[in-house]
Amino acid sequence: MSDDKRQEASTETHKPARPMRFFKDMEGNGWLCDKDVDPDKDLREQGCWRCDEIAFPFGGR
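Described below are features of the structure shown in this document. (Residues numbered from 1 in each chain as written. Predicted model: local features only at pLDDT ≥ 70, side-chain atom pairs only at ≥ 80, totals over all residues. Heavy atoms only, no water.)

**Let's talk about the overall build of the protein chain**
Moving on, step 1. Broken down by element type, the protein chain carries zero helices and three strands.
Moving on, step 2. The N-to-C order of helical and strand elements in the protein chain reads β-β-β.
Moving on, step 3. In the protein chain, once contacts between residues fewer than 6 apart in sequence are set aside, the share between residues at least 24 apart is 6%.
Moving on, step 4. Approximately 5,900 Å² of the protein chain is accessible, and the part contributed by carbon and sulfur atoms is 51%. (Helix = DSSP H or I, 4+ residues; strand = E, 2+ residues; numbered from the N terminus. Contact = heavy atoms within 4.5 Å. Areas by Shrake-Rupley, 256 points an atom, 1.4 Å probe, with all protein chains shown as cover.)

This is the structure:
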């Protein structure tokens, strides 16, 4: 019986996050959106996040 508790290494590559885009609205607010949104339509209704409402780990407000 072996006490070896090591796990086999994986060569699986990192899977990146989904493609995103940054937009500024007419009031100058920044928005983080999925790549395929229509910037001429309401960004919030399309699931975008307003940057001043997001808590970024290194600032952002």
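**Quick look at the state of the cysteines**
Moving on, step 1. Under the definition given, this model contains one disulfide.
Moving on, step 2. The partner cysteine of C33 in its disulfide is C48, sulfur to sulfur 2.2 Å. An S-S torsion of about 120° defines the bridge between C33 and C48 as right-handed. Here C33 is found in strand β2 (residues 30-34), whereas its partner C48 is found in the loop between β2 and β3 (49-50), with 15 residues between them in sequence.
Moving on, step 3. Residue classification places C33 among the buried positions, given a relative accessible area of 0%.
Moving on, step 4. Using a relative accessible area of 5% as the deciding quantity, one classes C48 as buried.
Moving on, step 5. Here C51 is not disulfide-linked; the sulfur of C33 is the nearest cysteine sulfur, at 8.3 Å. (Disulfide = S-S within 2.5 Å. Buried < 20%, exposed > 50% of the residue type's maximum accessible area, 1.4 Å probe, protein only.)

**Digging into the pairing of β2**
Moving on, step 1. Of the pairings in the sheet, the one linking strand β1 (residues 20-24) to β2 comprises five bridges and is antiparallel in character. Across the sheet, the residue bridging to R21 is C33, located in β2.
Moving on, step 2. Counted along the chain from β1 to the antiparallel partner β2, the turn is five residues long, and its residue G28 has a positive phi close to 90°.
Moving on, step 3. Examined bridge by bridge, β2 and β3 share two bridges and lie antiparallel to one another. Considered in β3, the bridge of W31 is made with R50. (Pairing = 2+ DSSP bridges.)

**Some words on the sheet that holds β3**
Moving on, step 1. Judged by pairing direction, the sheet is antiparallel, and its three strands sit side by side in the order β1-β2-β3 without closing on themselves. The sheet is open, and its two borders are formed by β1 and β3, each paired with just one other strand.

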